[in-house]
Amino acid sequence: MSLTNKLFSLLGFAKPITLKRYNGHNNLPANVLVLNTATQSNEALNQLLTKLKFNVIINNDDLIVKSIESLVIDATSYQGEDSYQTLYKTVHENLKYLSTNARIVLIAKASQPSLSTEENTFSQALVGFSKSLAKEVGRKGSTVNIIFTSTKQINENQKALVAPLRFLLSAKSAFVSGQVVSINNNKNDLTVNKDKQKTAIVTGAAQGIGAAIAEKLSNDGYLVIGVDIEPMKALLTTTMANLSGEAFTLDVSDSSAGEQLIQLGKKLHGFDLIVHNAGITRDKTLGKMPEQWWQQTLNINLLSVMRINKSLLSQNSINSGGRIVCLSSMNGIAGQGGQTNYACSKAGIIGYVASMSRELLTKNITINAVAPGFIETKMTKKMPFAPREMGRRMNALGQGGLPIDVAETVAFFATDDCYAISGQTVRVCGLNMIGA
Ligand code: NAD
């Protein structure tokens, strides 16, 4: 055991479990049990999950011989105060069958003015329940997440549920826990041209998270154009050559960046996916921060994202059915001393995607953000010892995430099935103990 591990073990941090990540074969959990918080049938959900090739446990006697790798809890119907009791009872009784690296997904209705106060209260109560349960089961590598949807979507219009169920029940979401994903766009008429190879731009693709995203998208069949700055050209070229992608040297904060990408898009019949991953940190407390550091960080992390999208959208360079995914950060959600510039830019991204999603609805384009917590990259290696070690361990899963965890979440937003989710930010942080 290393000295650091010994020290953290003395401080009461348990040795983290090895997370089961997607290896090309192990995506779907073997056994899924569906529960609900009302006296209703699970038939529709059982059928949907079976159709998606999950092995659904229908007969509870099977539990004696099988362990549960996933629990799906239908909490869309609130039937009075008894629903709280049923929630406790059904989950409590089945937790003992849960395997390590298990997935728990609650399907619930989002609070909204059309619901009664009792129903809205129940929705919010479920968020507290799921985050707390996530913190309890995290030490076994298990995750808990919520999909906000409607009863109608479970019974009649199930298409929108497919992408979030597939992702949140799979090994691809190993570092995503305590999150809420809302289905907020019921349009499912997105026409996607399946004959043409899709093109994706990934900024900041030479290394770290950007390189992992580029590799993941290439494996998913995209032609990837990796963008990075001139000093990174050699590394970018090697990274892109390894995945049969193309390297494009560009400073995203350059005033001509949008125009340069428009010209590139014309040669490629438009882009199907833009991943705004390029980002920098220039850390100092605000009183000591040079204006240039402030400006540069805002410019690269936020303002260039907005400018580039505006340019591309004005020239229809993003195809119908397209996707935009931006990189935010946990520090934009929780705040971080010494990072007013960075947190300002990353919180801005969250507001930006929420607002832009409404505008993009008419163009059949979705926009979402991924907010990584502590991810093992060069950026986090540069952190001072104490905040780095604490940052790595202070989450429900007790460890840092990997670039592939962020890449899998970007790829989730990019799938054709994920047409009904827009304007959202999903944290890939193992459910950080600090922050929202
Ligand atoms: P990294 O520093 O390893 O890589 C960032 C890449 O962006 C580099 O290749 C860099 O050259 C490129 N880049 C910087 N400025 C650019 C510009 N003006 N134009 C084009 N490219 C530019 O960082 P990373 O850890 O891989 O982070 C990737 C993204 O994830 C960033 O947006 C970062 O803020 C975000 N993020 C990372 C973490 C983490 O734990 N590593 C946590 C939260 C958020």
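Conventions adopted
- Residue positions are counted from 1 within each chain, in the order its sequence is given.
- Residue-level local features of this predicted model are given only where pLDDT is at least 70; pairs of side-chain atoms are given and counted only at 80 or more, and the full residue set underlies all totals for whole chains, interfaces and linings.
- Hydrogens are left out, water is left out, and the side-chain values use all remaining heavy atoms of the structure.
- Here a residue counts as near a molecule or strand whenever at least one of its heavy atoms sits within 4 Å of it.
- What qualifies as a polar contact is a pair of N or O atoms within 3.5 Å, subject to a donor-acceptor requirement within protein and to the restriction that residues adjacent in sequence count only when both atoms come from side chains.
- To measure how exposed things are, a 1.4 Å probe is used in the Shrake-Rupley method; for residues, cover is taken only from the protein chains shown.
- Cavities and pockets were defined on a 1 Å grid built from protein atoms only: a cavity is a group of points that admits a 1.4 Å probe but offers it no way out, a pocket is an open group of points flanked by protein on both sides within 12 Å along at least five of seven lines, and a lining residue is one with an atom within 4 Å of any such point.
- To be counted as sitting in a cavity or pocket, a molecule needs more than half of its atoms within 2 Å of that site's grid points.
- We count a stretch as a helix when DSSP gives it H or I for four or more residues in a row; a strand needs E for two or more, and each element gets its number in order from the N terminus.
- Any two strands are treated as partners once DSSP identifies two or more bridges connecting them.
- Convention adopted: a line fitted to C-alpha atoms gives each axis, helices being fitted over their contacting stretch, and angles between N-to-C directions are expressed from 0 to 180 degrees.
- Burial classes follow relative accessibility: with a 1.4 Å probe on protein chains only, a residue under 20% of its type's maximum area counts as buried, one over 50% as exposed, and anything between as partly exposed.
- Looking down the strands as they point away from you, a crossover is right-handed if its path from the first strand over the helix to the second goes clockwise.
- Under the convention used throughout, the expected extent of a helix is 1.5 Å for every residue step, that is, one less than its residue count.
- Throughout, a residue-residue contact means that at least one pair of heavy atoms, one from each residue, lies within 4.5 Å.
- Counting rule for disulfides: a pair of cysteine sulfur atoms within 2.5 Å.
- Roughly parallel refers to an angle under 35 degrees, roughly antiparallel to one over 145, roughly perpendicular to one between 65 and 115, and oblique to any angle outside these ranges.
- Definitions for this section: a left-handed crossing has its near helix turned counterclockwise from the far helix by less than a right angle. A right-handed crossing has that turn clockwise.
- In this scheme Phe, Tyr and Trp rings, the latter by its six-membered ring, pair at centre separations within 6.5 Å, and the angle between planes marks the pair as stacked below 30 degrees, edge-to-face above 60, and tilted otherwise.
- Grid points are joined across faces, edges and corners, and a volume is the space filled by probe spheres set on the points.
- Note on residue classes: Ala, Val, Leu, Ile, Met, Phe, Trp, Tyr, Cys and Pro are nonpolar, Asp, Glu, Lys and Arg are charged, and everything else, Gly too, is polar.

1. Looking at the site of the ligand
Neighbouring residues of the ligand: 27 residues in total, closest Ile209, Asp228, Asp251, Asn277 and Tyr342. Contacts to the ligand include Gln207, whose side-chain N or O atom sits 3.2 Å from an oxygen atom. Measuring from a nitrogen atom of the ligand, one finds a backbone N or O atom of Val252 at 3.0 Å. Contact with the protein chains removes 94% of the 830 Å² of surface that the ligand exposes when unbound. The site holding the ligand turns out to be the largest pocket. Sorting the residues of the shell around the ligand by element identifies helix 7 (208-219), helix 12 (340-361) and helix 13 (378-381) as the ones contributing at least two each.

2. Brief notes about the sheet that holds strand 13 (residues 425-428)
Strand order across the open sheet formed by seven strands is 9-8-7-10-11-12-13, with parallel pairing between neighbours. Whereas interior strands pair on both sides, the edge strands pair on one side only; in this sheet they are strand 9 (246-249) and strand 13. This sheet shows a mean twist of 20 degrees between the axes of neighbouring strands, independent of strand direction. Pairing of strand 11 (residues 318-327) with strand 12 (residues 366-372) involves five bridges; the strand directions are parallel. Across the sheet, the residue bridging to Arg323 is Thr366, located in strand 12.

3. Some details on the pairing of strand 4 (residues 98-109)
The buried count for strand 4 comes to eleven of twelve residues, which makes it a mostly enclosed element. Two elements, strand 3 (residues 68-75) and strand 4, share seven bridges in a ladder whose sense is parallel. Residue Leu71 lies in a different strand from strand 4, and its bridge partner there is Ile104. In this view, the connection linking strand 3 to its parallel neighbour strand 4 by way of helix 3 (residues 82-94) has right-handed handedness.

4. As for helix 3
Look at helix 3: 18 Å from first C-alpha to last across 13 residues, which is about the 18 Å you get at 1.5 Å a residue. On its buried side, helix 3 packs onto strand 1 (32-36), strand 3, strand 4 and helix 4 (117-137).

5. Some thoughts on the state of the cysteines
If you walk through the whole model with that rule in mind, you get zero disulfides. You can see Cys344 has no disulfide; the closest cysteine sulfur is in Cys326, sitting 16 Å from it. Relative accessible area serves as the criterion here: at 35%, Cys344 is assigned to the partly exposed category. With no disulfide of its own, Cys429 has Cys326 as its nearest cysteine by sulfur position, at a separation of 18 Å. Taking the relative accessible area as the measure of exposure, Cys429 reaches 0% and is therefore buried.

6. Overview of the packing of helix 7 against helix 15 (residues 403-414)
As a packed pair, helix 7 and helix 15 sit with axes 8 Å apart at the nearest point and diverge in direction by 50 degrees. Judged by the inter-axis angle, helix 7 sits oblique to helix 15. Handedness of the helix 7/helix 15 crossing: right-handed. Residue-level contacts link Gly208, Ile209, Ala212, Ile213, Lys216 and Leu217 of helix 7 to Pro403, Ile404, Val406, Ala407, Glu408, Val410 and Ala411 of helix 15.

7. Here's the deal with the packing of aromatic side chains
Considering all chains together, one arrives at five aromatic pairs under this definition. Measuring from ring centre to ring centre gives 6.1 Å for Tyr78 and Tyr84, while their planes differ by 80 degrees; the resulting arrangement is edge-to-face. Judged by its relative accessible area of 31%, Tyr84 falls in the partly exposed class. For the ring pair Phe167 and Phe412, a centre distance of 4.4 Å and an interplane angle of 5 degrees mean the geometry is stacked. A residue pair is termed long-range when its members are at least 10 positions apart, and Phe167 in helix 6 (residues 159-168) and Phe412 in helix 15 qualify at 245 residues.

8. So, empty space enclosed by the protein
For the coordinates displayed, the defined rule picks out three cavities of 30 Å³ or more. Taken as a whole, the largest cavity encloses approximately 50 Å³ of empty space. As for the largest cavity, its lining consists of Ala75, Thr76, Tyr78, Lys109, Leu115, Glu119, Phe122 and Ser123. With three residues, the single largest contributor to the lining of the largest cavity is helix 4.

9. Things to note about the packing of helix 6 against helix 15
Contact geometry for helix 6 and helix 15: axes closest at 10 Å, N-to-C directions at 165 degrees. Taken together, helix 6 and helix 15 sit at an angle that is classed as roughly antiparallel. The handedness of the crossing between helix 6 and helix 15 comes out as right-handed. For the pair helix 6 and helix 15, contact is made by Ala163, Pro164 and Phe167 and by Glu408, Thr409 and Phe412, respectively. Of the residues contributing to the contact of helix 6 with helix 15, the split by class is four nonpolar, one polar and one charged.

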